[in-house]
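# Overview (structure and organization)
Letter by letter, the chains look like this.
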Amino acid sequence: MNQPATHCLLELYNERLELEDYQSGVPRWCTGCGDNAILTAVQRLCRDEGLRPEKTAFISGIGCSSRFPHYMKTYGFHGIHGRALPVAEGLKMARPDLNVFVNTGDGDCCSIGAAHWIHAVRYNMNITVFLHDNQIYGLTKMQASPTSPIGTKTNTTPRGSYLEALNPLTVTLGIANVSFVAQAVDWIPESLYDIVKAAFRHRGFSFVRIIQRCPEWLPKLTDPWLHDPQRVVLLKHQNALRVGAELGKIYRNQLEHDPSDIDRAREIASDQERVPVGILYHDPSVPCYEETRHAGALRTPEQIRRGLEAEFDKYAIEAR
Ligand SMILES: Cc1ncc(C[n+]2csc(CCOP(=O)(O)OP(=O)(O)O)c2C)c(N)n1
Ligand code: SF4
Ligand SMILES: [Mg+2]
């Protein structure tokens, strides 16, 4: 029996997408660059959550990490240095129905884009943000960033950087309306995937700092954590993530942490010795700005037409 055209279209729409359906081009990142692992985790997320490519957008600034949208077969905007967040917010206001992601570097977010970062947390729009934190300006060939550890020798700090590094986790946890903060590392793919999934599922502004290796400019930076799994602490809780048996054999340092406890989250985020990996803070009750402001409400074609006609009518000259 012949199927009606609408039925065939629906079938097509419900078809399960595979990883290849989200892959675009050949990444131009260096071999061993942590951005590759982040890309894989996010493509898996899109496939497993069944995100429609035409309903999904990746927004970035400028930097190695900001090349991310080129490698996703979705909508994307490789924008202006430091301005990924306001572009993403504008998009979400106009089209709240879209899945909006942001890929931003430590220079992009914490240096030139720092003011946007603070206000984006406070607006709490339903956007998933990945901070690719390689603790250096990668694209422009090794200048110190706000997250470079004190003493880091770079082209702008040949005698070593003078300032204490800014901690993106404690900063975010200090901003009004913060609703989701997590930390991942690119070299533990299992937890990276779980964290990006939890971040996507949170309704609100999800901020994930991903410690990302840059073998080109800071090849030794992550060695202490890579060579000593005891310096990584996996956060677990019944309301957050669990630790799989295999992972637990390698990473024996595990901590029960209730992600609704912001004071404890700040303490854990401040740990200088060990790297916490998991969900630090989660408050699903914070209202999203786009819902408070009824974003997209005036966006049906008929409403746009009526709005435009009303505007034009103001300037109409009556025929005599
Ligand atoms: C307005 C402006 N200022 C400076 C630059 C030069 N610039 C391009 S990328 C970049 C920093 C990139 O570092 P980061 O955001 O950490 O990204 P990464 O390359 O490390 O992924 C800078 C300073 C620019 N493109 N535009
Ligand atoms: S310079 Fe660093 S951040 Fe940039 S692609 Fe190479 S390894 Fe990755
Ligand atoms: Mg960087």
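Here, the structure is the one placed above.
Residues numbered from 1 in each chain as written. Chains lettered and ligands numbered in written order. Predicted model: local features only at pLDDT ≥ 70, side-chain atom pairs only at ≥ 80, totals over all residues. Heavy atoms only, no water.

Attention shifts here to the coordination of the magnesium ion (ligand 3). For the magnesium ion (ligand 3), the protein coordination sphere consists of Asp 106 (OD), Asn 134 (OD1) and Ile 136 (O), at 2.1 to 2.2 Å. When the donors of the magnesium ion (ligand 3) are listed by position in the chain, the intervening gaps give D-x27-N-x1-I. In this pair, Asp 106 sits in helix α4 (residues 106–112) while Ile 136 sits in the loop between β4 (128–133) and α6 (168–173), placing the two residues 30 residues apart along the sequence. In this structure, Asp 106 and Ile 136 share a single accessibility class: buried. (Donors = N, O, S within 2.8 Å, 3.2 Å for Na, K, Ca; no water. Helix = DSSP H or I, 4+ residues; strand = E, 2+ residues; numbered from the N terminus. Buried < 20%, exposed > 50% of the residue type's maximum accessible area, 1.4 Å probe, protein only.)

On to the site of ligand 2, then. Contacts to ligand 2 come from Trp 29, Cys 30, Cys 33, Cys 64, Asn 134, Gln 212, Cys 214, Pro 215, Glu 216 and Trp 217. In this structure the site holding ligand 2 corresponds to the second largest pocket. Residue classes in the shell around ligand 2 are distributed as seven nonpolar, two polar and one charged. (Near = heavy atom within 4 Å. 1 Å grid on protein atoms, 1.4 Å probe; cavity = no way out; pocket = protein on both sides within 12 Å on 5 of 7 lines; lining within 4 Å. Sits in = over half its atoms within 2 Å of the grid points. Nonpolar A, V, L, I, M, F, W, Y, C, P; charged D, E, K, R; others polar.)

Another point: the packing of helix α3 (residues 84–94) against helix α5 (residues 114–123). Direction vectors running N to C along α3 and α5 enclose 30°, while the axes themselves pass 9 Å from each other. Between α3 and α5, the angle is such that the two are roughly parallel. In terms of crossing hand, the pair formed by α3 and α5 is left-handed. Between α3 and α5, the contacting residues are Leu 85, Pro 86 and Glu 89 on the first element and His 116, Trp 117, His 119, Ala 120 and Tyr 123 on the second. Grouping the amino acids of the contact of α3 with α5 by side-chain chemistry returns five nonpolar, two polar and one charged. (Axes fitted to C-alpha atoms, helices over the stretch in contact; angles between N-to-C directions. Parallel < 35°, antiparallel > 145°, perpendicular 65-115°, else oblique. Left-handed = near helix turned anticlockwise from the far one by under 90°. Contact = heavy atoms within 4.5 Å.)

Glancing now at the site of ligand 1. Of all residues adjacent to ligand 1, which total 16 residues, the nearest are Cys 64, Ser 65, Asp 106, Gly 107 and Asp 108. Side-chain polar atom of Asn 134 to an oxygen atom of ligand 1: 3.0 Å apart, as the coordinates give it. In this structure, an oxygen atom belonging to ligand 1 sits 2.9 Å away from a main-chain N or O atom of Gly 138. Considered on its own, ligand 1 offers 600 Å² of accessible surface; in the complex 74% of this is hidden by protein. Examining the composition of the shell around ligand 1, we find that four residues originate from one element, α4, more than from any other. Of the residues assigned to the shell around ligand 1, the class counts are six nonpolar, eight polar and two charged. (Polar contact = N/O pair within 3.5 Å; in protein donor to acceptor, adjacent residues only side chain to side chain. Areas by Shrake-Rupley, 256 points an atom, 1.4 Å probe, with all protein chains shown as cover.)

Let's shift gears to the sheet that holds strand β1 (residues 56–60). Strand order in the open sheet made by the nine strands is β2-β1-β3-β4-β6-β5-β9-β7-β8, with mixed pairing throughout. A strand with exactly one partner marks an edge of an open sheet, and here the two such strands are β2 (75–78) and β8 (254–256). Strand-to-strand, the axes of this sheet are offset by a mean angle of 20°, without reference to chain direction. By the bridge criterion, three bridges tie strand β7 (residues 232–236) to strand β9 (residues 275–282) in an arrangement that is parallel. Across the sheet, residue Val 233 finds its bridge partner in β9, namely Pro 276. Along the sheet, helix α2 (residues 34–48) contacts β1, β3 (99–105), β4 and β6 (206–211); its crossing angle with β4, the most-contacted strand, is approximately 165°. Sheet strands in contact with helix α7 (residues 189–201) are β3, β4, β5 (180–185), β6 and β9, and its direction is about 160° off that of β5. (Pairing = 2+ DSSP bridges.)

On to helix α10 (residues 262–269), then. All of the buried residues along α10 are Ala 265, Ile 268 and Ala 269. Projected down its long axis, α10 carries its buried residues within an arc of 95°, all on one side. For α10, the secondary structure elements touched by its buried residues are α6, β7, β8 and β9. Looking at where α10 begins, the residue whose side-chain oxygen comes 3.2 Å from the main-chain nitrogen of Asp 263 is Asp 261. (Arc of directions from axis to C-beta.)

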